[in-house]
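# Commentary on secondary and tertiary structure
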Amino acid sequence: MTHFAIITGAFYCALAIAAGAFGAHGLSSRLDAQALDLWETAARYLMYAGFGLLAVGILDELWHERLLTAAAWSLALGGLIFSGTVFALALGGPRILGAVTPVGGLLLIAGFLAFAWTAIARHLEG
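Residues numbered from 1 in each chain as written. Predicted model: local features only at pLDDT ≥ 70, side-chain atom pairs only at ≥ 80, totals over all residues. Heavy atoms only, no water.

### Describing the overall build of the protein
When you go through the protein residue by residue, the secondary structure sums to four helices and zero strands. Start at the N end of the protein and walk to the C end: the helices and strands fall as α-α-α-α. With respect to the principal axes defined by its C-alpha atoms, the protein has extents near 55 × 25 × 20 Å. Burial statistics for the protein: of 126 residues in total, 38% are counted as buried. In the protein, of all internal contacts separated by at least 6 residues, the share reaching a separation of at least 24 is 75%. Only carbon and sulfur atoms are counted for the fraction: they give 71% of the accessible area of the protein, which is about 7,100 Å². In the protein, 5 side chains carry a positive charge and 7 a negative one; their mean positions are 7 Å apart. (Helix = DSSP H or I, 4+ residues; strand = E, 2+ residues; numbered from the N terminus. Buried < 20%, exposed > 50% of the residue type's maximum accessible area, 1.4 Å probe, protein only. Contact = heavy atoms within 4.5 Å. Areas by Shrake-Rupley, 256 points an atom, 1.4 Å probe, with all protein chains shown as cover. Lys, Arg positive; Asp, Glu negative; His and termini not counted. Charge placed at Lys NZ, Arg CZ, Asp CG, Glu CD.)

Here it is as structure tokens:
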């Protein structure tokens, strides 16, 4: 799981930077302010998921905790679903995608909570 989390996290970070730059330079004349704001939100949350995955992958190398696997999958899927649907909405995708977006958000929250729980449990163990 360590390699999956680190590779996916690094990829998400790179993609978030590219998407942010594309939004600022390639889409600024094509999208209205609200769509550009959505694009920026999608890029930012993809970066959050990427940073989380990097941290999970690095700590999994040290701790080898099963809950970190759940955290990695939640962050990976959450980042993909949340940012993917918001990117699509920014580009004029079907509004029904807005009903799927919260699933990605909940997965991101669950991933960070699983990460936190693992850290708390390790701390309490001594």
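From this point, the narrative continues.
### Focus on the packing of helix α2 (residues 33–63) against helix α3 (residues 66–90)
For the pair α2 and α3, the least separation of the axes is 9 Å and the interaxial angle reads 165°. With respect to α3, the axis of α2 lies roughly antiparallel. Regarding α2 and α3, the two cross each other, and that crossing is left-handed. Its residues assigned to classes, the contact of α2 with α3 shows 22 nonpolar, four polar and one charged. (Axes fitted to C-alpha atoms, helices over the stretch in contact; angles between N-to-C directions. Parallel < 35°, antiparallel > 145°, perpendicular 65-115°, else oblique. Left-handed = near helix turned anticlockwise from the far one by under 90°. Nonpolar A, V, L, I, M, F, W, Y, C, P; charged D, E, K, R; others polar.)

### Thoughts on the packing of aromatic side chains
Per the counting criterion, the structure on display carries five aromatic pairs. Here F4 and W73 contribute two aromatic rings whose centre-to-centre distance is 4.6 Å and whose plane-to-plane angle is 25°, an arrangement assigned as stacked. With F4 in helix α1 (residues 2–26) and W73 in helix α3, this residue pair connects regions lying 69 residues apart in the sequence. Given the relative accessible area of 28%, F4 is considered partly exposed. Here the aromatic rings of W39 and F87 are separated by 4.4 Å at their centres, their planes lie at 55°, and the arrangement is tilted. Of the two residues, W39 is situated in helix α2 and F87 in helix α3; the sequence distance between them amounts to 48 residues. Residue classification places W39 among the buried positions, given a relative accessible area of 9%. (Phe/Tyr/Trp six-rings, centres within 6.5 Å; stacked < 30°, edge-to-face > 60°.)

### A look at the environment of L108
With respect to the helices and strands, L108 occurs in helix α4 (residues 97–125). In this structure L108 comes out as buried when scored by relative accessible area, which is 7%. Once the C-alpha coordinates of L108 and T41 are considered, the two residues, 67 residues apart in sequence, prove to be 14 Å apart. Other than its neighbours up to four places away in sequence, L108 contacts Y45, A49, S74, L75, G78, G79 and F82.

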